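Here is what each chain is made of, one letter per residue.
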Amino acid sequence: MSNIVLETKGLTKQYGRQKVVDDFSFEVEKGHICGLIGPNGAGKTTIMKMFAGLAKPSEGYFTLFGDKDNIDRNRRRVSFLIENPMLDINMSAYKNMEYIRLLKGIPSSERIEEILEFVGLKDDMNKKVKKFSLGMRQRLAIGMAILSKPEILILDEPVNGLDPQGIVDVRNMINRLVREEEVTVLISSHILSELSELCTDFTIINRGRLVESITAEELAVKCENHIALKTDDINRTAAVLEEKLGIKQYKVFRNEEVHIYEKCDELKSISRAITDSGLTILKFVNEGASLEEYYLSKVGGSNA
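Description of the structure in this document. Sequence order sets the numbering: in each chain, residues are counted from 1 along the sequence as written. Two thresholds apply to this predicted model, a pLDDT of at least 70 for residue-level local features and 80 or more for giving and counting side-chain atom pairs, whereas whole-chain, interface and lining totals are computed over all residues. Excluded from the side-chain calculations are hydrogens and water; all other atoms, namely the structure's heavy atoms, are used.

With that settled, the discussion passes to the overall build of the protein chain. Helix and strand assignments come from DSSP, with helices taken as H or I runs of at least 4 residues and strands as E runs of at least 2, each series counted from the N terminus. What the protein chain contains, in helices and strands, is 11 helices and 13 strands. Overall, the C-alpha framework of the protein chain stretches about 75 × 40 × 40 Å when taken along its three principal axes. In the protein chain, which comprises 304 residues, the share counted as buried stands at 49%. For the area figures, the Shrake-Rupley method with a 1.4 Å probe applies, and any residue is considered shielded solely by the protein chains shown. As displayed, the protein chain offers around 15,500 Å² of accessible surface, 45% of which is attributable to carbon and sulfur atoms. With 42 positive and 46 negative side-chain charges, the protein chain shows a separation of 5 Å between the mean positions of the two kinds. Each residue's exposure class comes from its accessible area (1.4 Å probe, protein chains only) as a fraction of the maximum for that residue type: buried when under 20%, exposed when over 50%, partly exposed otherwise. His residues and chain termini do not enter the charge count, which takes Lys and Arg as positive and Asp and Glu as negative. The location of each charge is read from NZ of Lys, CZ of Arg, CG of Asp or CD of Glu.

Here we come to the pairing of strand E3 (residues 33-37). Extensive coverage of E3 is indicated by the burial of 5 of its 5 residues. Burial along E3 is two-sided: Ile-33, Gly-35 and Ile-37 and Cys-34 and Leu-36, pointing in opposite directions, are all buried. Paired strands, as defined in this entry, are two strands with at least two bridges between them according to DSSP. Relative to strand E7 (residues 184-188), E3 is paired through 4 bridges, and the arrangement is parallel. Its bridge partner being in E7, Cys-34 is matched across the sheet by Leu-186. In the sheet, E3 pairs with strand E8 (residues 201-206) via 4 bridges, with the strands oriented parallel. Directly across from Gly-35, in E8, lies its bridge partner Phe-202.

If you walk across this open sheet you meet the 3 strands as E2-E1-E4, and the pairing is antiparallel. Taken across any chain shown, the strands that pair with only one partner, and hence form the sheet edges, are strand E2 (18-29) and strand E4 (59-64). The mean angle between the axes of side-by-side strands here comes to 15°, regardless of whether they run parallel or antiparallel. By definition in these notes, contact holds between two residues if any of their heavy atoms fall within 4.5 Å. Angles here are taken between N-to-C directions and fall from 0 to 180 degrees, while the axes themselves are lines fitted to C-alpha atoms, restricted in helices to the stretch in contact. Packed on one face of the sheet, helix H1 (residues 44-52) meets strand E1 (4-15), E2 and E4 and runs near 115° to E1.

Dropping the structure here:
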């Protein structure tokens, strides 16, 4: 039996002549937390909207629980939190939860207090949402999303705008959901450092196209080493890397330091090529890369 609960094949969404999502294929395994990473306009939200039925694919298809023919039926096993959470700020947290219970046809209200306790809002359940902080509203929105006991939870930028404590609270909730209720999570975020502490898998998207899908273990290996290089002429250095060494996977940072993400075991040949070109090396060391640096090396290309 396949462990894949969500899969896309050539998924494409086109508005006029513009392809917002272009031939996108990936998969999510049961019990995993998959991070969908990409800059603004990369197509992340559009992909999630197609999963939710808020947008129709122009080409390609996706499956839920291995089934592409009964998407509407299988969506009942999925909960979505896309863009701004739908909260009635003039109602209490409990009444917002009760509204969702009735909307989804959940027969018993017993789970409401259980969920409010799970998201840390039981003591505030009778308080109007307009008095809630942004973090409290986000926790309530996640609580409303998991009220129906979904098997898949799809979250679009759930930590956007939250303070550090709010981010930690959401991260802890997601980890507990996966551990205690065996929920599979697809989450998008620009806060890559948070995804690096949360996700089991990462899918990088840029301009609507898949750049790479990689597990946390594979990423750890790839980020284990990079060469941090600084010289007296950054432009000439970039030329040497590309023209003499054939290196394409590198990133130039604002302090004019270069991080090289390939050929990290060829220190002698790289240093020799740089010095033979008349450049002075100011820094040349092996360092570990962060998820953000690796991401930039993928979506930022090799342009200096």
